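# Examining the three-dimensional arrangement
Take a look at the letters that make up each chain.
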Amino acid sequence: MSLRRLAARLVATAAAASGWLRMARRRRHRRGDFRLYILEYHDVDPEREFEGTVSAQRFQNHLRHLGRRYRTVTLADAVEHLRAGELGQDLIVITFDDGYAGNYEAAWPVLRDENLPATIFLTSGFLDGNPLWFDTARRSLAALRQGCPEVDHARQTILRSALGTWPLAASDLDPAGINRLMRSLKYQPPARRRAALEALIELELERAPAARPMSWQQVGEMQAGGIEFGAHTVTHPILSTLEPDAQEDEIVRSRQRIADATGIEPTSFAYPNGSARDYDQHTVEILDRCGFAAACTTRRGSNAPGCAPLTLRRLGIGSDPLTLLDARLGGLFDEDMRARFRAQ
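The sections below set out a description of the structure shown in this document. This structure is a prediction, so every number in the text was calculated from the model and none was measured.

## Some thoughts on the packing of aromatic side chains
What characterises a pair of aromatic rings is the spacing of the ring centres plus the angle enclosed by the ring planes. Inspection of every chain in the model, using the stated rule, returns 9 aromatic pairs. Judged by centre distance (5.9 Å) and plane angle (85°), the rings of W133 and F134 are edge-to-face. In terms of burial, W133 and F134 fall into one category: buried. Through pairs of rings, three or more aromatic residues link up here, namely F269, Y271, Y279 and F292.

## Remarks on the pairing of strand β5 (residues 91-98)
Within a regular beta strand, the side chains point alternately toward one face of the sheet and then the other, so they alternate between its two faces. Of all 8 residues in β5, 8 are buried, a share of seventy percent or more. Of the pairings in the sheet, the one linking strand β1 (residues 36-41) to β5 comprises 6 bridges and is parallel in character. For I38, the partnering residue across the bridge sits in β5 and is V93. Where strand β4 (residues 71-72) lies against β5, 2 bridges are found, and the strand directions are parallel. Bridging from a neighbouring strand, T72 pairs with I92 of β5. By the bridge criterion, 4 bridges tie β5 to strand β6 (residues 119-122) in an arrangement that is parallel. For T95, the partnering residue across the bridge sits in β6 and is T119. Following the chain from β5 across helix α5 (residues 101-114) to the adjacent parallel β6, one finds a crossover that is right-handed.

## Remarks on unusual backbone geometry
The residue after W166, namely P167, is reached through a cis peptide bond having omega 0°. Positionally, P167 belongs in the loop between α8 (153-163) and α9 (175-186). Phi angles above zero are rare outside glycine, and D98 is one such case at about 95°. Residue placement: D98 occurs in strand β5. Phi at H236 is positive, roughly 65°, even though this residue is not glycine. Examined against the element boundaries, H236 turns out to sit in the loop between β7 (228-231) and α12 (244-262). Overall, the relative accessible area of 8% leaves H236 in the buried class.

## Examining the environment of H65
Inspection of the secondary structure assignment puts H65 in helix α3 (residues 56-67). Excluding its chain neighbours within four sequence positions, the residues that come into contact with H65 are L322, L325 and D326.

Conventions we followed
- Residues numbered from 1 in each chain as written.
- Predicted model: local features only at pLDDT ≥ 70, side-chain atom pairs only at ≥ 80, totals over all residues.
- Heavy atoms only, no water.
- Phe/Tyr/Trp six-rings, centres within 6.5 Å; stacked < 30°, edge-to-face > 60°.
- Buried < 20%, exposed > 50% of the residue type's maximum accessible area, 1.4 Å probe, protein only.
- Helix = DSSP H or I, 4+ residues; strand = E, 2+ residues; numbered from the N terminus.
- Pairing = 2+ DSSP bridges.
- Right-handed = clockwise from strand over helix to strand, strands pointing away.
- Contact = heavy atoms within 4.5 Å.

So this is what it looks like as structure tokens:
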């Protein structure tokens, strides 16, 4: 466990033990201040937990814990409450990004058993059989720990330009180093990133198995059971690195593909990566012009009536113990709270 994660758990435990979280929630409710909390998951596994994936048992524990304090709704329903200017109680929306197979195989049985809705944002090209570029890149970088094959000068130049360094040192290939390389790759101009990805793919490496998507048939089954689906682009680019026309193409084609497959045109969207630097004013204007009712960022925090529905905040939920989940809902790790601490 990283020091940062350990520190978060210690802070959460102290806040829960002191009664601060319970008292703050009570005071907020007495003021009539109710919030919409949008939880961001990615995948669920029947048993294992690893980066970005929680176990089915922990996911069920989260949902049962939340069910004692909150009402869970779809994103579409939540936005209607926000537009009306009255929540009346704290609301929860459960979301998943990308469309991994585990959403159907492990998350769906839990949601069905608990009779709860969720909203899943689909990267349409992934469901159509195209690998997620960042999954391919991360698996390729991890495979380089076993040794780097010979790379010609032209490919070395391409990789050095996109990754910031080549050849790679051992420290570049530990978990923190790979995260640094991935950040560099994400924000490259699209053509440079594609060239680097092609160069990595051409290396003869023993990669871990690729991420698996749901099938469109499974999407249809979940939709019939009350799960809402939103758009998440076709290829999962960082939208702010694209020209406005290319952004619109990614957004509109994703929505149309989902509509063709499900018979329902999505009204919600999630920005790939989703931080403040990952979309721009053009992106928001495109979504508004195209008639989207809601869009989710990964900026951390809650949402109150009067907030902008096309830049909704979410809470990133991983393999959190319940005390840490409560602390996130209590605002201890919101983006605004972290900014205040950094300013002191």
